[in-house]
Amino acid sequence: MESPPPQKFALPVDSEHKATEFRLFSAAKPHMRAFHLSWVSFFACFVSTFAAPPLIPIIRDNLNLTATDIGNASIASVSGAVFARVAMGSACDLFGPRLASASLILLTAPAVFCTSLASSASSFLVLRFLTGFSLATFVSTQFWMSSMFSPNVVGSANGVAGGWGNLGGGATQLIMPLVFAVIRDAGAIKFTAWRIAFFIPALFQTLTAVAVILFGQDMPDGNFKELEKEGDKPKDEFSKVLYHGVTNYRGWILALTYGYCFGVELTIDNIIAEYFYDRFDLNLHTAGMIAASFGLANLFSRPMGGVISDVVGKRFGMRGRLWTLWVVQTIGGVLCVVLGRVGSLGASIGVMIAFSIFCQAACGLTFGVVPFVSRRSLGLISGMTGGGGNVGAVLTQLTFFKGSRYSKEMGITLMGIMIICCTLPMTLIYFPQWGGMFCGPSAGKGGTEEDYYLSEWSAKERESGFHQASAKFADNSRRERGRRSVASAATSPDAESHPPVQV
């Protein structure tokens with residue numbers, strides 16, 4: 001099938017019509033418009049999910065919450081998204097990121113509105129649990145970016161979209177105390193003001209879902225339903241998407257390691273304001289300002305991780321991406337240990353900011369690798385990895401921050417040790433066409449990009465042409481061999497049968 005004329009897209013594209021450039025300040029349709037819709041909607045979900053922590057000192061007095069109640073609610077807020085993220089990945093593979101994300105946002109918005117009606121510890125916990133499902137929009141964000149941007153810039157696109165979305169975790173530390181203060185100063189008592197304040201994130205979340213439905217587009221060439229109807233995209237089978245996702249061990253390792261970068265970020269979002277409020281005897285606004293600096297680092301830290309992944313990948317290939325991810329995440333673990341040991345306010349703030357940069361950069365670096373794990377099961381692999389982040393958050397909070405077994409400073413130290421240990425399995429990731437951290441690529445049969453990605457399709461499916469998108473992706477991902485290797489790489493016979501489409 002011949003490609004459309006170049007003027008169809010505002011950005012230069014590859015053979016899959018994915019953008020080969022990432023222009024941050026453009027709103028060009030469909031690539032950059034999808035980028036802005038994805039990060040803004042994910043940002044709104046982050047604001048809603050973590051709207052409660054900065055107001056906990058007020059909410060706990062109103063609802064008579066104990067430390068255990070607060071810990072349980074924090075765990076609930078991130079536990080719901082564990083399975084929701086895996087389900088979201090499959091939904092993206094089958095129905096497209098546009099409908100999948102907008103549907104979930106609209107389904108969870110009522111829980112945010114209803115938080116204003118919470119009257120007990122149990123109702124507060126249930127509402128935080130339901131609101132937390134919205135964090136699964138992270139998966140649709142990463143899937144959407146991987147569908148719109150070529151391998152040479154996909155790390156940057158994923159990093160910026162994810163980072164700016166995660167920015168909501170820091171922004172809400174500023175937004176909610178400010179909204180609360182405005183409502184209280186307008187005449188409402190404090191126990192009423194915090195309830196009214198929740199209408200702001202709920203409304204914002206709802207509006208972003210409407211925007212995604214009205215202005216979003218699943219793929220460069222159109223929406224899933226339209227492409228399937230026209231025969232331009234085969235309708236995949238859930239069982240095969242599931243099989244190729246869960247049997248790829250690389251996805252499970254990335255899920256584990258992501259649990260101790262993004263999972264740690266979620267944990268810090270839940271505990272850090274209360275930590276500074278209680279340990280250093282600060283007022284609510286000051287504690288919120290300090291806590292916000294952790295999440296607000298996402299403005300540049302996670303995007304920086306994605307950009308570094310692309311830069312290193314261009315020079316050293318996939319092996320460079322893996323090494324950089326391991327080093328950055330391990331340094332983040334060391335800084336987390338230090339954060340739990342320092343005792344002065346100034347030192348704690350400084351170490352926390354440094355820790356946040358490395359922790360969030362590791363998140364961006366992770367999703368510089370994820371798009372290459374599987375082409376057919378991209379959504380499911382993204383969901384598994386994203387779900388791993390929430391599992392890490394749940395386990396960390398259950399182990400170190402539930403009840404009074406550990407002080408928060410000791411819990412932070414132990415969390416840092418966990419980061420270092422759980423990052424080690426990354427050394428086991430190996431791609432036969434590119435190699436791993438300690439081994440080079442396979443020299444035998446099956447060591448090409450085409451062999452790797454086309455192995456997800458049966459001979460019968462290949463005869464029907466269902467593998468065409470994977471063949472194009474394989475061709476576009478050859479740069480993951482590294483600069484030296486890609487120039488001298490020989491083209492396999494199978495690859496020659498699927499030459500890149502000129503656009």
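Just so we're clear, the structure is a prediction, and the values are computed from it rather than from any experiment.

Participant: I'd like a description of the overall build of the protein, backed by residues and values.
Facilitator: Across its full length, the protein holds 23 helices and two strands. Computed over the C-alpha atoms, the radius of gyration of the protein is 23 Å, within 12% of the 23 Å expected from 2.2 N^0.38 for a compact globule of 503 residues. Dimensions along the principal axes, computed over C-alpha positions, put the protein at roughly 70 × 45 × 40 Å. Taking contacts inside the protein between residues at least 6 apart in sequence as the whole, the part at least 24 apart equals 79%. Of the roughly 18700 Å² of accessible surface on the protein, a fraction of 65% belongs to carbon and sulfur atoms. Averaging the positions of the 39 positive and the 33 negative side-chain charges in the protein gives two centres separated by 4 Å.

Participant: Quick one: what's the story with a nonpolar patch on the surface, residue by residue and with numbers?
Facilitator: A grouping of Leu106, Val210, Ile213, Leu214 and Phe215 is seen on the molecular surface, where their side chains present a nonpolar patch of about 430 Å² in accessible area. Counting residues per element, the nonpolar patch draws most heavily on helix α9 (residues 199-215), which supplies four residues. Its place among the elements puts Phe215 in helix α9. Looking at Phe215, the relative accessible area reads 47%, which means it is partly exposed.

Participant: Can you break down the confidence of the model for the protein residue by residue, with the values?
Facilitator: Parts of the prediction with low pLDDT should not have their coordinates interpreted in detail. Here the protein averages 87 in pLDDT, while 94% of its residues score no lower than 70. Looking at the elements of the protein, mean pLDDT is at its lowest for helix α23 (residues 493-496), recorded as 43, and at its highest for α9, recorded as 96. Segment residues 1-7 is flagged for pLDDT under 50; beyond a separation of four residues in sequence, or across chains, it makes seven contacts in the model. Throughout residues 490-503 the model reports pLDDT below 50, and contacts reaching past four residues in sequence, or to other chains, amount to 24 contacts.

Participant: Run through the environment of Trp323, naming residues and quoting values.
Facilitator: In this structure, Trp323 sits in helix α15 (residues 301-341). Residues Trp323 and Met437, spaced 114 residues apart in sequence, show a C-alpha to C-alpha distance of 6.0 Å. Those residues in contact with Trp323, other than ones at most four positions away along the chain, are Met437 and Phe438.

Participant: Hey, could you go over the packing of helix α3 (residues 67-95) against helix α6 (residues 137-148) for me, with residue numbers and the actual values?
Facilitator: Orientation of α3 relative to α6, taken along the N-to-C sense of each, is 35°, at an axis distance of 8 Å. For α3 against α6, the interelement crossing comes out right-handed. Where α3 abuts α6, its residues Arg85, Met88, Gly89, Cys92 and Asp93 lie against Thr137, Phe138, Val139, Ser140 and Phe143.

Participant: Please set out the side chain of Asp218 residue by residue, giving values where relevant.
Facilitator: Within the secondary structure layout, Asp218 lies in the loop between α9 and α10 (224-230). Salt bridges are absent for the buried Asp218, whose nearest opposite-charge side chain, Arg98, sits at 4.8 Å. A distance of 3.0 Å separates the side chain of Asp218 from the backbone nitrogen of Phe224, its partner in a polar contact.

Participant: Describe in detail the packing of aromatic side chains, supporting the description with residues and values.
Facilitator: For the coordinates displayed, the defined rule picks out 32 aromatic pairs. Taken together, a centroid distance of 6.2 Å and an interplanar angle of 80° make the contact between Phe46 and Phe262 edge-to-face. With a gap of 216 residues between them, Phe46 in helix α1 (residues 31-49) and Phe262 in helix α13 (residues 262-279) connect regions that are remote in the sequence. Seen in terms of ring centroids, Phe138 and Tyr258 are 5.9 Å apart; in terms of plane orientation they differ by 20°. Their pairing is stacked. On the criterion of sequence distance, the pair formed by Phe138 in helix α6 and Tyr258 in helix α12 (residues 249-258) is long-range, its members being 120 residues apart. The burial state of Phe138 is the same as that of Tyr258; both residues are buried.

Participant: With reference to specific residues and values, describe the side chain of Glu265.
Facilitator: Residue placement: Glu265 occurs in helix α13. No salt bridge is formed by the buried Glu265, whose closest oppositely charged neighbour, Arg302, lies at an N-O distance of 4.8 Å. A polar side-chain atom of Glu265 sits 2.7 Å from a polar atom in the side chain of Asn298. Not counting residues within four places of it along the chain, the set of residues in contact with Glu265 comprises Asn166, Phe294, Asn298, Cys359, Gln360 and Cys363.

Parameters and conventions
- Residues numbered from 1 in each chain as written.
- Predicted model: local features only at pLDDT ≥ 70, side-chain atom pairs only at ≥ 80, totals over all residues.
- Heavy atoms only, no water.
- Helix = DSSP H or I, 4+ residues; strand = E, 2+ residues; numbered from the N terminus.
- Rg over C-alpha atoms; globule rule 2.2 N^0.38 Å.
- Contact = heavy atoms within 4.5 Å.
- Areas by Shrake-Rupley, 256 points an atom, 1.4 Å probe, with all protein chains shown as cover.
- Lys, Arg positive; Asp, Glu negative; His and termini not counted.
- Charge placed at Lys NZ, Arg CZ, Asp CG, Glu CD.
- Patch = residues over 30% accessible without salt bridge, like charges linked within 9 Å, V, L, I, M, F, W, Y side chains within 5 Å.
- Salt bridge = Lys/Arg side-chain N within 4 Å of Asp/Glu carboxyl O.
- Buried < 20%, exposed > 50% of the residue type's maximum accessible area, 1.4 Å probe, protein only.
- pLDDT = per-residue confidence, 0-100.
- Axes fitted to C-alpha atoms, helices over the stretch in contact; angles between N-to-C directions.
- Left-handed = near helix turned anticlockwise from the far one by under 90°.
- Polar contact = N/O pair within 3.5 Å; in protein donor to acceptor, adjacent residues only side chain to side chain.
- Phe/Tyr/Trp six-rings, centres within 6.5 Å; stacked < 30°, edge-to-face > 60°.

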